[in-house]
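If you want the building blocks of each chain, they are given just below.
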Amino acid sequence: MVSNAKTIASELVPVLRVYQDGTVERLFGSPFVPPSLADPSTGVSSKDTTISPLVSARLYLPKLSPPTNQQKLPVLVYFHGGGFCIESAFSSVYHDSMNSLVSQAKVIAVSVEYRLAPEHPLPAAYEDSWTALQWAASHSVEDTVDKDPWLIENGDFDRVYIGGRRQRRSVFGHEENLLYRMWTFVYPSVPGGIDHPMINPFARDAPSLSGIGCSRLLVCVAGMDDLRERGVRYAKAVRESGWGGDLELFEVEGEGHCFHILNPGSDSAKKMVNRLASFLK
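The structure contained in this document is the topic of the report that follows.

Reading the values: the criteria
Residues numbered from 1 in each chain as written. Predicted model: local features only at pLDDT ≥ 70, side-chain atom pairs only at ≥ 80, totals over all residues. Heavy atoms only, no water. Helix = DSSP H or I, 4+ residues; strand = E, 2+ residues; numbered from the N terminus. Buried < 20%, exposed > 50% of the residue type's maximum accessible area, 1.4 Å probe, protein only. Contact = heavy atoms within 4.5 Å. Lys, Arg positive; Asp, Glu negative; His and termini not counted. Charge placed at Lys NZ, Arg CZ, Asp CG, Glu CD. Core = buried A, V, L, I, M, F, W, Y, C linked by side-chain atoms within 4.5 Å. Pairing = 2+ DSSP bridges. Axes fitted to C-alpha atoms, helices over the stretch in contact; angles between N-to-C directions. Parallel < 35°, antiparallel > 145°, perpendicular 65-115°, else oblique. Left-handed = near helix turned anticlockwise from the far one by under 90°. Salt bridge = Lys/Arg side-chain N within 4 Å of Asp/Glu carboxyl O.

Below, the discussion takes up the overall build of the protein chain. The number of helices and strands found in the protein chain is seven helices and 10 strands. When its C-alpha atoms are laid out on the principal axes, the protein chain stretches across 70 × 55 × 40 Å. Counting the 281 residues in the protein chain, one finds 48% classified as buried. Counted over contacts in the protein chain with a minimum sequence separation of 6, partners at least 24 positions apart contribute 66%. A distance of 4 Å separates the average location of the 27 positive side-chain charges in the protein chain from that of its 32 negative side-chain charges.

Time to look at the nonpolar core. Within the largest apolar cluster, 40 residues are counted, with the highest numbers of intra-cluster contacts made by Leu-16, Val-112, Trp-183 and Val-186. Secondary structure elements with two or more residues in this core: strand 2 (16-19), strand 5 (56-61), strand 6 (73-79), strand 7 (108-113), helix 2 (124-137), helix 3 (149-154) and helix 4 (178-186). With five residues, the single largest contributor to this core is helix 2. With residues near it in sequence (within four places) discarded, Val-186 still touches Gly-83, Phe-84, Cys-85, Ala-117, Pro-121 and Leu-122. Tyr-60, Leu-76, Tyr-161 and Cys-258 belong to the second-largest nonpolar core, a separate cluster that totals 25 residues.

Pairing in this open sheet of five strands is mixed, and the strands run 4-5-7-6-8 from one edge to the other. Strands at the two margins of the open sheet, each flanked by one partner only, are strand 4 (45-50) and strand 8 (155-164). On average, adjacent strands in this sheet sit at an angle of 20° to one another, irrespective of strand direction. Both strand 4 and strand 5 contribute to a ladder of six bridges, which runs antiparallel.

A few words on the sheet that holds strand 3 (residues 24-26). If you walk across this open sheet you meet the three strands as 1-2-3, and the pairing is antiparallel. The strands lining the two open edges of the sheet, one partner per strand, are strand 1 (8-12) and strand 3. Along the sheet, successive strands turn relative to each other by an average axial angle of 15°, direction set aside. Of the pairings in the sheet, the one linking strand 1 to strand 2 comprises four bridges and is antiparallel in character. Residue pairing in the sheet places Ser-10 in a bridge with Val-18 of strand 2.

Turning our attention to the side chain of Asp-39. Structurally, the position occupied by Asp-39 is in the loop between strand 3 and strand 4. When near neighbours in sequence (up to four residues on either side) are disregarded, Asp-39 contacts Val-44 and Asn-99.

What follows is about the packing of helix 1 (residues 92-105) against helix 7 (residues 267-280). Running from N to C, helix 1 and helix 7 cross one another at 50°; their axes reach a closest spacing of 8 Å. As summarised for this structure, helix 1 and helix 7 are arranged oblique, according to the angle between their axes. The element helix 1 and its partner helix 7 pack so that their crossing is right-handed. Across the interface between the two elements, Ser-100, Leu-101, Gln-104 and Ala-105 of helix 1 pack against Val-273, Asn-274, Leu-276, Ala-277 and Leu-280 of helix 7.

Here we take up the pattern of salt bridges. Going through the model one piece at a time under the given rule, you end up with 14 salt bridges. Here Glu-25 makes a salt bridge to Arg-17, at a shortest N to O gap of 3.3 Å. Of the charged contacts, one joins Asp-156 and Arg-159 as a salt bridge, the two residues approaching to 2.8 Å between their closest N and O atoms. Looking at Asp-156, the relative accessible area reads 16%, which means it is buried. Under the relative-accessibility criterion, Arg-159 is labelled partly exposed at 32%. Three or more residues joined by partner-sharing salt bridges are found here, namely Glu-11, Arg-17 and Glu-25.

What follows concerns the pairing of strand 7. Most of strand 7 sits inside the fold, with six of its six residues counted as buried. The two faces of strand 7 match: Ile-108, Val-110 and Val-112 on one face and Ala-109, Ser-111 and Glu-113 on the other face are all buried. Where strand 6 and strand 7 come together, five bridges link them in parallel fashion. Considered in strand 7, the bridge of Val-77 is made with Val-110.

Now the structure itself:
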C-alpha cells in the first residue's frame, strides 16, 4: 500500500508546519473575508489596493455625513499581528477589528498585507511594511501618481499614526521558549539571534529610543499576556531615554494576548478599543 501522507520537514508547534514538498500548513488562523462598501454594523467602507508587486493593503473609510463628507481625517497605517507567519490584513478577525476602530476613531486606515514567513523569511515583512508606509506618506505630495482618492480627499497628513501588534521581545530563558523558536523560524539567517535590534529594542546595538520619530506614543498591555512585562519595560525605557514626546502606558487587567482581537464583544475589548479611538482622535 502506498501512503499519501506527506513528510514534515520542519514545524513550529502549535503555529504551523512545513512539508518536504514545500507546502506550508498553518495550524490556526481566521478565514479571509472580502472588503465591503458599507459594513452593516459600522457603516465603514473598505477596499483592497495594490501598493507594489509584492505589497497590498486594505483601506478603511468611516461613514461620513454631509456636509462633513470631505473633512480631513487622521491616517492610521496598521500592521497586523501573527508572529510574521500567520494571519492577514484580509482575515476576518483583523477586518472586524479595523471596522470597529475606524468607526469609533473616525480615521482612514491602511491595513498592510505584508509577505509571511516561512515562504518569505524576514526581513521581507519589514521591507514590505516600509514600502507601505512610504506609499501612504506619498499622498502628502501634490500629484496623482499611484495615489488613492480616499487618502487624497480625506487624509490629514499632519496627523499620521503607526500601530499594530508588533511583538518587541527580550527573551531570557532556554531555546525551547516559543517566542525564541518563532523568531529563529521566521528569520533563520538573523545575525545575533533574539538580540537583533529588529526584534529587541534593548539589544546592545539597538538605536537609542530617544530618536523615535513621533510626538505621542500609546503602549497597550494586557495583565495576563506573556508579553506584558516586555511592554512595560519598553515604555519605561522610552521614558528614560530622553525622548521628548508624550507617552501613556495603558493596561487592561485579567486579559491575555490579543484579547481585543480574538474576543471583540467583551467588555475588556470595548475598553481597549475606546482607549485606542480616544488616542487617535
